[in-house]
Amino acid sequence: MSDESKPTNPGEPELRPHEYDGIQEYDQKLPNWWLFTFYIAILWMIIHWLAYYQFHLIPTDEEKIGRAIQKIENQRAEQLRNIDDTRLWTMSQDPAVISAGEATYKATCVACHGPDLMGKKSNPLLPGLALADNAWKHGHTPTDVLKIVRRGSPDVTKGMPPWEPQLGTQRVVEVVAYIMSHHKEGEAHTEEVN
Ligand code: HEC
């Protein structure tokens, strides 16, 4: 590194006095096109900040996602508005609903609960509980069953995931009707703990 600054001709950019690894630099004025984009970027930042954060003229991504989630929640609530035990029992007698539910069951649930809906009771290798017997772990009413299929097991380590985000409300309701078609209203049941 040498501190001697080389004399420069008048009108030419000045050579800065420092030198690193044999490299020296000119004291150049930044080109106008570069300054222009730089000032535009600053201006844009101010407009953006005012529009998004001060005057809320444009919704932020967070607000957009919040609204989209709210819309989905409202749709789900609307789809579940008339769904109670009586309605689910009625649906469990409706062949069209049952076959739609069966299709979902075969595509999504069969891997863990088995083709006979008996889960680990008929095949100990399966993780899922039996759904066609009268022993229920998470409640025996159709709305209890709906709740666990929508939201998954309260114990996440058990491996029963929430299905509503993936299947949507309608298909969850149908698959519950399909399960309940293996049961009768008012039948005896036991609460199973395992
Ligand atoms: C990855 C495996 C797996 C899949 C796939 C799966 N389940 Fe489950 N399911 C389980 C396990 C494990 C449990 C037991 C949860 C517990 O012990 O809390 C369970 C529990 C349940 C119960 C509660 C049973 C009771 O006795 O209270 C219902 C109802 C149920 N599943 C329905 C379904 C439906 C409907 C589907 C398809 C949409 C499905 N499951 C897909 C593993 C699975």
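Residues numbered from 1 in each chain as written. Predicted model: local features only at pLDDT ≥ 70, side-chain atom pairs only at ≥ 80, totals over all residues. Heavy atoms only, no water.

As annotated in an unreviewed UniProt entry, the chain is Cytochrome c oxidase cbb3-type subunit 3 from Roseimicrobium gellanilyticum.

Quick notes on the overall build of the chain
Of regular secondary structure, the chain possesses eight helices and four strands. Listing each helix as α and each strand as β along the chain from the N terminus yields β-β-α-α-α-α-α-β-α-α-α-β. Over its C-alpha trace the chain gives a radius of gyration of 33 Å, far above what one expects of a compact globule, namely 16 Å for 194 residues. For the C-alpha atoms alone, the extent of the chain along its principal axes is close to 100 × 40 × 25 Å. Evaluated residue by residue, the chain yields a buried proportion of 29% over its 194 residues. Pairs at least 24 apart in sequence give 48% of the contacts found in the chain among residues at least 6 apart. For the chain, the exposed area adds up to about 13500 Å²; of that, 58% sits on carbon and sulfur atoms. Counting 19 positive and 27 negative side-chain charges, the chain places the centres of these two groups 8 Å from one another. (Helix = DSSP H or I, 4+ residues; strand = E, 2+ residues; numbered from the N terminus. Rg over C-alpha atoms; globule rule 2.2 N^0.38 Å. Buried < 20%, exposed > 50% of the residue type's maximum accessible area, 1.4 Å probe, protein only. Contact = heavy atoms within 4.5 Å. Areas by Shrake-Rupley, 256 points an atom, 1.4 Å probe, with all protein chains shown as cover. Lys, Arg positive; Asp, Glu negative; His and termini not counted. Charge placed at Lys NZ, Arg CZ, Asp CG, Glu CD.)

Observations concerning the coordination of the iron atom of the ligand
The protein atoms that coordinate the iron atom of the ligand are H113 (NE2) and M160 (SD), at distances spanning 2.0 to 2.2 Å. The class of H113 is buried, set by a relative accessible area of 12%. The class of M160 is partly exposed, set by a relative accessible area of 21%. (Donors = N, O, S within 2.8 Å, 3.2 Å for Na, K, Ca; no water.)

A few points about the nonpolar core
Judged by nonpolar contacts, the single largest core of 26 residues is most densely connected at L146, V149 and V176. Elements with a minimum of two residues in this core: α3 (85-91), α4 (95-113), α6 (142-151) and α8 (169-180). No other element matches α8, which puts eight residues into this core. Sequence-distant contacts of L146, that is, excluding residues within four places in its chain, are made with L80, I83, L88, V172, V173 and V176. (Core = buried A, V, L, I, M, F, W, Y, C linked by side-chain atoms within 4.5 Å.)

Some words on the UniProt feature "domain: Cytochrome c" (unreviewed entry) in the chain
When the UniProt feature table is mapped onto this chain numbering, "domain: Cytochrome c" (unreviewed entry) sits at residues 96-183. Structurally, residues 96-183 is divided into 55% helix and 2% strand, and its ends, taken at the C-alpha atoms, are 17 Å apart. (UniProt positions renumbered as here; feature names shortened; annotations may be inferred.)

Regarding a nonpolar patch on the surface
Nonpolar side chains collect at one region of the surface, where L30, W33, W34, F38, Y39, I42, M45, I46, W49 and Y53 lie side by side and expose about 1100 Å² of accessible area between them. Here W49 is to be found in helix α1 (residues 32-54). (Patch = residues over 30% accessible without salt bridge, like charges linked within 9 Å, V, L, I, M, F, W, Y side chains within 5 Å. Salt bridge = Lys/Arg side-chain N within 4 Å of Asp/Glu carboxyl O.)

Overview of the environment of A132
Counting through the fold element by element, A132 comes out in the loop between α5 (119-122) and β3 (135-136). The exposure class of A132 is partly exposed, given its relative accessible area of 23%. As for A132 and I179, which are separated by 47 residues in sequence, their C-alpha atoms are 7.1 Å apart. Not counting the four nearest positions on each side in its chain, A132 is found in contact with D116, L117, M118, H182 and H183.

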